[in-house]
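Letter by letter, the chains look like this.
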Amino acid sequence: MAAGMNLAIELTGVTVERSGQRVVQDVDLIVAPGSWFGLIGANGSGKTSLLRALAGRLPFAGGSCRIEGEELVGDRAARALRFGFSPPADKLPDALRGRDVLELVGGSIDDVRPRLGTLHQALGLAPLLDRWIGDCSAGMRQRIAIAAAFAGGHSLVILDEPFNWLDPVAIFDLREVLRDIVDDGLTLITALHDLGTLASACDAGLMLADGKVALALDEDALRIAAENPQVFERQTIDRLRSGSFGEI
Amino acid sequence: MVRRLPGTSSADLKAGRLFRQDRLILLNTIRATFAGWHDRIIAAFMLVAAFAAVHAWFVDHPWMIAAWTALAAGVVIGSGAERLVRTRLAFHAFDGLLATDALHPQTRRRYMTAWHSVGIALLAVTTLIVRPSLLVVSVPGYLAGVMIAGLTSGVRMPKRIAGTARPGWTLRAWSHRPIAGVAAATILLLLLLPARTLGTNALMAVVGIATVLLALTLTSVDDAVVRFMAIAGHRSQRIFVHHGKGIATFLAVSVPGCWIILGAVAAGIAASACLAMLLLLTLRVLAYRLHTKRFADLLVSIFAGLLMLVAYSMPVALPVLAIAMLWRLQRRGQAKTWLLA
């Protein structure tokens, strides 16, 4: 990263606590504007807590959080305002329709549609708009939750494991469309569970283990990884198993 | 440059998206629950019956007793409403669609004011129907309850989620095992042995109260477990069996034991209490399949109230009404689509 470059997000030594326990410790992270940042790690490694804290859904217990140059570590409401965030799909209210969800977040559906752009088609939203959430499958709920993150027209978006529950075609389409939107200027941060997507779609990434940074992946590392994803996967897993943390 | 995002303009803040969302959820849930004409008739009948019973009680008692009762009810309702609103706001801020609004002090205040206005209006209308002169105590009681709950909301026991033994969960899981029913029945019978020296009325009261208390500990239902089992493809009967093994063995051991120790009447009381708890357990299992915990609990409370009313005024109709309720909930549960992907 070039010195002095404007950063979309800059976290320095942040910690997050949940129910008195430190679940994220001393994490440093920088995200360039108009890039896709992937966060990976085992279950319970602190990915979701870090993303929630970044989006104002949890407080930071310490450190520095600069968003677009502004220090917001102590201001949850301001952080929540800056990010589009997909709520957990299983927490969407059963007694609302897909249309209600998007309109509550982004105003009239006619205003929301252009903000979603090609994502509307990739997520197959048309038949879901008039469907009750309570009658939706897990995959359908996930599509609506992802759309909700974009309904407000934010330039910074956080998606927590967006490919969960989706069928292979939807995963492929969503990944392509997200990459296109990022190329058009969106800053996207996602928690992921597969190294293939991290290698092929993300511009930079971070691996968390026990709430700490286990591995930092810059643009060059991911470019090399994309050329041979199987080798990258093997090397990354071996590094994690051996506990040798650092940068590839 | 600070960009204005949808939903953050002053007009949006005034409109109160949080309140609008919850009102929409509430209205849609009520519409879905009382979709059929017979559901609405039952609900209207229950409402009228409840108002009539409460009105009769308050009118029959001297004003001072009625006033203290109304004040206490107002405090309890106000305190409960405040806790409910705060819990809901915490959900919105953590898992909700509109966390921005739930974290913003101005919209938080508007949301709380809106729901408390609804609460005060409902309490005022109820008081006017029940005994209008009590309005001077019920509404101030509500406000006092809100204040008490607001002041004590910061006082919480520290809670650790991960890495703890969770004795409550362990006990709840154990209470559903057949051995728990046998253990509870043994405790009941041991308690009743020294109680034999009491007079008949007192003894029967002890049998009834002890049976209900022990049966309550055996019939806890975790709404998340019910929903998970439903999503995993288990039918209502299977979910009921999972939760009802403890109370079943309790019934099988305690009723014959009471008969042997205290006679047929005591056994009848114990059996009735167990069956009532089994009915309550079944209603909760079926309701949790269909609704969120809060709404399901409200629905079951209304059903239980209606059953008690019918048991008191028209006992012959009780089995018919109970079966109708169970059949209705079961049918709606079957129609519900549960899909994993």
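Here's what I pulled together on the structure shown here. (Residues numbered from 1 in each chain as written. Chains lettered and ligands numbered in written order. Predicted model: local features only at pLDDT ≥ 70, side-chain atom pairs only at ≥ 80, totals over all residues.)

Once that is clear, we can look at the overall build of chain B. Within chain B, the regular secondary structure consists of 15 helices and 0 strands. Within chain B, buried positions represent 29% of all 341 residues. Of all intrachain contacts in chain B linking residues separated by at least 6 positions in sequence, the fraction that spans at least 24 positions is 75%. (Helix = DSSP H or I, 4+ residues; strand = E, 2+ residues; numbered from the N terminus. Buried ≥ 20, exposed ≤ 12 C-beta atoms within 10 Å, placed from the backbone. Contact = placed C-beta atoms within 7 Å.)

A separate point is the overall build of chain A. The number of helices and strands found in chain A is 10 helices and 11 strands. For chain A, the C-alpha atoms occupy an extent of roughly 50 × 40 × 35 Å along the three principal directions. A total of 248 residues make up chain A; the buried ones form 48% of that total. The contacts of chain A with a sequence gap of at least 6 include a subset with a gap of at least 24, amounting to 70%.

Of all hydrophobic cores here, the largest spans 106 residues; its most connected members are Leu39, Val101, Ile144, Ala147, Ala148, Val157 and Ile158 of chain A. Of the residues forming this core, the biggest block, 9 residues, is contributed by helix 6 (residues 138-151) of chain A. Counting residues in hydrophobic clusters, the runner-up holds 40 residues, among them Ala180, Val255, Leu286 and Leu329 of chain B. (Core = buried A, V, L, I, M, F, W, Y, C linked by C-beta atoms within 7 Å.)

Residues and elements named next belong to chain A. The 4 strands are arranged 2-1-4-5 in an open sheet whose pairing can be described as antiparallel. Only two strands of the sheet have a single partner each, and these edge strands are strand 2 (21-31) and strand 5 (70-71). Pairing of strand 4 (residues 62-67) with strand 5, which is carried by 2 bridges, proceeds in the antiparallel orientation. By the bridge assignment for strand 5, Ile67 is matched with Glu70. (Pairing = 2+ DSSP bridges.)

Looking now at the pairing of strand 10 (residues 212-217) of chain A. By the bridge criterion, 5 bridges tie strand 9 (residues 204-209) of chain A to strand 10 of chain A in an arrangement that is antiparallel. In the sheet register, Leu208 of chain A faces strand 10 of chain A, and the bridge partner there is Val213 of chain A.

So, on to the environment of Leu178 of chain A. Residue and element names in this part refer to chain A. Along the chain, Leu178 falls in helix 7 (residues 168-183). The buried category is assigned to Leu178, around which 25 C-beta atoms lie within 10 Å. Sequence spacing of Leu178 and Glu103 is 75 residues, and the spatial spacing of their C-alpha atoms is 22 Å. Leaving out residues up to four positions away in the same chain, Leu178 has contacts with Trp36 and Leu188.

Turning our attention to the environment of Arg235 of chain B. Within the secondary structure, Arg235 of chain B is located in the loop between helix 11 (223-231) and helix 12 (236-262). Distance in space between the C-alpha atoms of Arg235 of chain B and Ile187 of chain B is 33 Å, their sequence separation being 48 residues.

Moving on, we get to unusual backbone geometry. With a phi angle near 50°, Ser19 of chain A is a residue other than glycine that sits in the positive phi range. Tracing the backbone shows Ser19 of chain A in the loop between strand 1 (9-18) and strand 2.

So, about the environment of Trp68 of chain B. Looking at the element boundaries, Trp68 of chain B is found in helix 4 (residues 63-95). Residues Trp68 of chain B and Val137 of chain B, spaced 69 residues apart in sequence, show a C-alpha to C-alpha distance of 8.0 Å.

Turning our eyes to something else, we now look at the packing of helix 9 (residues 178-195) of chain B against helix 10 (residues 200-218) of chain B. All names here are of chain B. Direction vectors running N to C along helix 9 and helix 10 enclose 160°, while the axes themselves pass 10 Å from each other. By the angle between their directions, the pair helix 9 and helix 10 is classed as roughly antiparallel. Regarding helix 9 and helix 10, the two cross each other, and that crossing is right-handed. Facing helix 9, whose interface residues are Ala180, Gly181, Ala184, Ile187, Leu188, Leu191, Leu192 and Ala195, helix 10 presents Leu203, Val206, Val207, Ala210, Thr211, Leu214, Thr217 and Leu218. Within the contact of helix 9 with helix 10, the residues separate by chemical class into 13 nonpolar, 3 polar and no charged. (Axes fitted to C-alpha atoms, helices over the stretch in contact; angles between N-to-C directions. Parallel < 35°, antiparallel > 145°, perpendicular 65-115°, else oblique. Left-handed = near helix turned anticlockwise from the far one by under 90°. Nonpolar A, V, L, I, M, F, W, Y, C, P; charged D, E, K, R; others polar.)

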